[in-house]
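Structure at a glance
Okay, here's what each chain looks like letter by letter:
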Amino acid sequence: MGGKKGAITVFSSLVSVFFISVLMTAAESARVQGCRAKAAACLDMGLFSVMGEFERELLEHYDVFFLDGAAGSESYSIDKVNETLHDYMEYNVKPDKGLILKTYEPFGLKLDDTRIEGVCLATDENGAAFYQQAVGFMRENMGTEIVSILMERAADGETLKTAADSYKEKDENTTEELKKLENERKAMEEEQRRLEQEAAERGEVIVREEPQEKVPDSENPLKTIKKVKRKGILNLVAPGAEISEKKLPSGSPSKRWCQKGSLPVKKTYSGLVSDLLFQEYLFERFPLYTDEKKEGAMDYALEYILCGKSSDAKNLKSVVNRLLLLREGANFLYLAGDAGSKAAADALAVMLVGAIPIPGLTVVTAYALLLIWAYGESLLDVRELLAGGKVPVLKDASTWRLDLEAIPQLLQMLEGNAGNSEQGLSYASYLQILFTLGAKDKYAMRALDMVEGYMRKRPATAAFRADHCICKLKASADYTIPPLFLKVSAAFLKTGKTQLAYHAEGSFAY
């Protein structure tokens with residue numbers, strides 16, 4: 001039996017090559033699209049893996065995510081971050097990297113280069129990234145009732161601030177006016193003495209009208225307050241207390257030049273409510289004067305965040321002075337509206353002025369007595385707060401403690417027991433009020449000062465720097481896509497092997 005011969009025409013050959021080429025081109029096109037999708041996914045997975053190396057202690061202690069751009073060293077290096085990104089991506093591009101047995105990879109994608117295009121750091125824009133994460137955490141984890149309480153504190157703050165500003169103005173004006181009238185009084189007394197001396201030389205006698213009852217200097221509230229004010233304020237309101245001697249670590253973020261990121265901070269949260277939530281975040285994580293347990297760079301961290309002074313003692317003194325002014329305004333409001341208090345001040349003013357007829361001196365003296373009376377009560381208030389007690393925002397007769405005639409014994413009263421009152425707001429609550437009135441744009445960086453101070457005290461994070469902390473990373477990668485299915489058509493058509501370049505960009509933010 002003879003064999004059969006097969007044959008194909010030239011036309012059939014050309015048609016076959018054409019269809020094979022079309023089929024291979026379609027397959028290659030699909031493969032290239034798959035390579036591009038994989039390239040983008042590999043970059044995203046690489047960024048996710050890099051940012052997954054966030055500083056654990058920051059998360060555990062402060063509930064924020066940041067990547068240490070110095071990898072635990074003192075030297076911030078974006079090149080190190082890029083190397084880490086490149087390593088992670090190579091394993092995603094080639095899953096069998098480092099394995100003895102190789103697997104078939106239909107995409108054949110090759111990673112050529114990676115670049116970090118930009119970063120956003122914790123200290124950028126005055127700590128805005130830290131602020132945003134803290135507020136975001138509080139919004140997700142705090143109940144709505146805390147916002148109502150914080151809003152109430154803000155309202156109390158505005159009330160106290162208005163009263164304090166008014167008190168300060170009245171005190172300055174009254175002090176100036178009283179000084180002027182006292183000078184007139186002294187001039188009149190000197191003139192009267194001169195006339196008496198001349199009369200005595202002529203053998204005449206001038207009878208001076210004396211007040212029915214003269215107040216000794218030791219019982220004069222105006223002179224007592226002058227002595228009180230010459231004493232150190234902390235000695236008055238915290239007698240015998242052991243004041244921390246800690247100082248702000250040198251080179252803290254808010255005091256030094258910091259690394260700058262090139263990416264903007266996404267400001268999702270802003271406004272009064274966000275500021276109040278950030279304030280609550282600070283109060284939950286940093287110590288204040290009345291806390292028993294204190295840790296970190298400074299014992300009075302919240303006082304530092306509010307005032308920004310270089311030592312615990314200076315910050316506490318600044319807080320005390322601010323509290324004192326708030327209480328002076330509130331206490332003067334009570335005295336000025338209480339008929340009994342005004343009558344007591346008027347009566348004592350008559351005794352202090354005496355018989356010399358200086359127009360307006362009695363009225364101004366009575367007003368000055370009300371002002372120093374409010375000051376004395378305020379010293380007792382701040383003393384109570386620092387000792388762990390409470391003080392109402394606005395007082396009435398039942399919560400008022402200092403009588404006008406008791407002002408000469410004020411120093412002894414300040415040295416007595418305190419911290420027993422349970423009516424009103426605590427020191428922490430008043431500190432919250434001060435925070436609502438303070439420089440809010442400074443709080444985030446000062447908080448980062450405290451964060452860095454705490455981290456650097458730990459051996460494992462002794463090289464930590466806040467301006468090395470990355471919260472957002474933008475990167476790009478260059479790939480080569482070698483041909484696969486086009487090799488078939490290239491063998492027929494002798495067109496060569498064309499490699500494709502692909503560029504991908506991506507970003508990741510906490």
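Coordinates for the structure precede this section.
All of these numbers come straight from a predicted model, not from anything done at the bench. (Residues numbered from 1 in each chain as written. Predicted model: local features only at pLDDT ≥ 70, side-chain atom pairs only at ≥ 80, totals over all residues. Heavy atoms only, no water.)

Across all of its chains, the model carries 18 salt bridges by this definition. Note that Lys161 and Asp165 form a salt bridge whose closest N and O atoms lie 3.0 Å from each other. Of the two residues, Lys161 and Asp165 both sit in helix H5 (residues 144-201), four residues apart, roughly one turn of that helix. The exposure class of Lys161 is partly exposed, given its relative accessible area of 35%. Under the relative-accessibility criterion, Asp165 is labelled partly exposed at 38%. Taken together, the shared-partner salt bridges connect Arg327, Glu377, Asp381, Glu384, Lys395 and Arg401 into one network. (Salt bridge = Lys/Arg side-chain N within 4 Å of Asp/Glu carboxyl O. Helix = DSSP H or I, 4+ residues; strand = E, 2+ residues; numbered from the N terminus. Buried < 20%, exposed > 50% of the residue type's maximum accessible area, 1.4 Å probe, protein only.)

Taken together, Met151, Leu272 and Val273 make up a surface patch of nonpolar side chains, about 220 Å² in accessible area. Mapped onto the elements of the fold, Leu272 is located in helix H8 (residues 272-285). (Patch = residues over 30% accessible without salt bridge, like charges linked within 9 Å, V, L, I, M, F, W, Y side chains within 5 Å. Areas by Shrake-Rupley, 256 points an atom, 1.4 Å probe, with all protein chains shown as cover.)

It is worth spelling out the state of the cysteines at this point. Between two cysteines, a covalent bond joining their sulfur atoms is known as a disulfide. Per the counting criterion, the structure on display carries zero disulfides. The closest cysteine sulfur to the non-disulfide-bonded Cys35 is located on Cys42, 10.0 Å from its own sulfur. (Disulfide = S-S within 2.5 Å.)

One pass over the structure, following the stated rule, counts 18 aromatic pairs. Ring plane angle 80° and centroid distance 4.9 Å describe the contact between Phe54 and Phe65, whose orientation is recorded as edge-to-face. Residue Phe54 is found in the loop between helix H1 (10-51) and helix H2 (56-62), and its partner Phe65 is found in the loop between H2 and strand S1 (67-68); the two are separated by 11 residues along the sequence. Residue classification places Phe54 among the buried positions, given a relative accessible area of 16%. Residue Phe65 is classed as partly exposed on the basis of its relative accessible area of 31%. Geometrically, the ring pair formed by Phe283 and Phe435 is edge-to-face, given 5.2 Å between the ring centres and 70° between the ring planes. Taken together, the residues Phe283 in helix H8 and Phe435 in helix H14 (residues 427-437) connect sequence positions 152 residues apart. Phe435 gets classed as buried once you look at its relative accessible area, which sits at 0%. An aromatic cluster of at least three residues, connected via ring pairs, comprises Phe48, Phe54, Phe65, Phe508 and Tyr510. (Phe/Tyr/Trp six-rings, centres within 6.5 Å; stacked < 30°, edge-to-face > 60°.)

This next bit is on a positive patch on the surface. The grouping of Lys186, Lys223, Lys226, Lys227 and Arg230 at the surface amounts to a positive patch. Within the secondary structure, Arg230 sits in the loop between helix H6 (221-229) and helix H7 (233-237). Arg230 sits in the exposed class, given a relative accessible area of 65%. (Lys, Arg positive; Asp, Glu negative; His and termini not counted. Charge placed at Lys NZ, Arg CZ, Asp CG, Glu CD.)

To continue, consider the layout of surface pockets. One simple way to see leftover space: roll a probe sized like a water molecule over the atoms. In this model, the second largest pocket occupies a volume close to 480 Å³. Along its surface, the second largest pocket is lined by 18 residues, and Ala129, Gln132, Gln133, Tyr269 and Tyr510 are the ones closest to its centre. When residues of the lining of the second largest pocket are traced back to their parent elements, those giving at least two are helix H4 (124-141) and strand S3 (469-481). Here the lining of the second largest pocket takes six residues from H4, the largest share from any one element. The class makeup of the residues in the lining of the second largest pocket is 10 nonpolar, four polar and four charged. (1 Å grid on protein atoms, 1.4 Å probe; cavity = no way out; pocket = protein on both sides within 12 Å on 5 of 7 lines; lining within 4 Å. Points joined across faces, edges and corners; volume = space filled by probe spheres on them. Nonpolar A, V, L, I, M, F, W, Y, C, P; charged D, E, K, R; others polar.)

A few words now on empty space enclosed by the protein. Counted by the stated rule, this structure contains one cavity of 30 Å³ or more. By volume, the largest cavity amounts to about 40 Å³. Tallied by class, the residues present in the lining of the largest cavity amount to nine nonpolar, no polar and no charged.

Right, let's talk about the packing of helix H11 (residues 339-353) against helix H12 (residues 361-386) for a bit. When two helices pack together, their arrangement is given by the angle between the helix axes and by the axis-to-axis distance. Where H11 contacts H12, the two axes come as close as 8 Å, and the packing angle between them is 125°. Judged on the interaxial angle alone, H12 and H11 are oblique. Remark: the crossing between H11 and H12 carries right-handed chirality. Residues Ser341, Lys342, Ala345, Asp346, Leu348, Ala349, Val350, Leu352 and Val353 of H11 form the contact with H12, whose own contacting residues are Leu361, Thr362, Thr365, Ala366, Leu369, Leu370 and Trp373. Class assignment of the residues belonging to the contact of H11 with H12 gives a composition of 11 nonpolar, three polar and two charged. (Axes fitted to C-alpha atoms, helices over the stretch in contact; angles between N-to-C directions. Parallel < 35°, antiparallel > 145°, perpendicular 65-115°, else oblique. Left-handed = near helix turned anticlockwise from the far one by under 90°. Contact = heavy atoms within 4.5 Å.)

Below, the discussion takes up unusual backbone geometry. Of note, Asp63 is a non-glycine position whose phi angle comes to about 60°, a positive value. Mapped onto the elements of the fold, Asp63 is located in the loop between H2 and S1. Owing to a relative accessible area of 24%, Asp63 belongs among the partly exposed residues under this scheme. If you check the backbone angles, Ala71 has positive phi at about 55° while not being a glycine. Relative to the helices and strands, Ala71 resides in the loop between S1 and helix H3 (78-93).

All quantities given are derived from atomic positions and should not be read as evidence of function.
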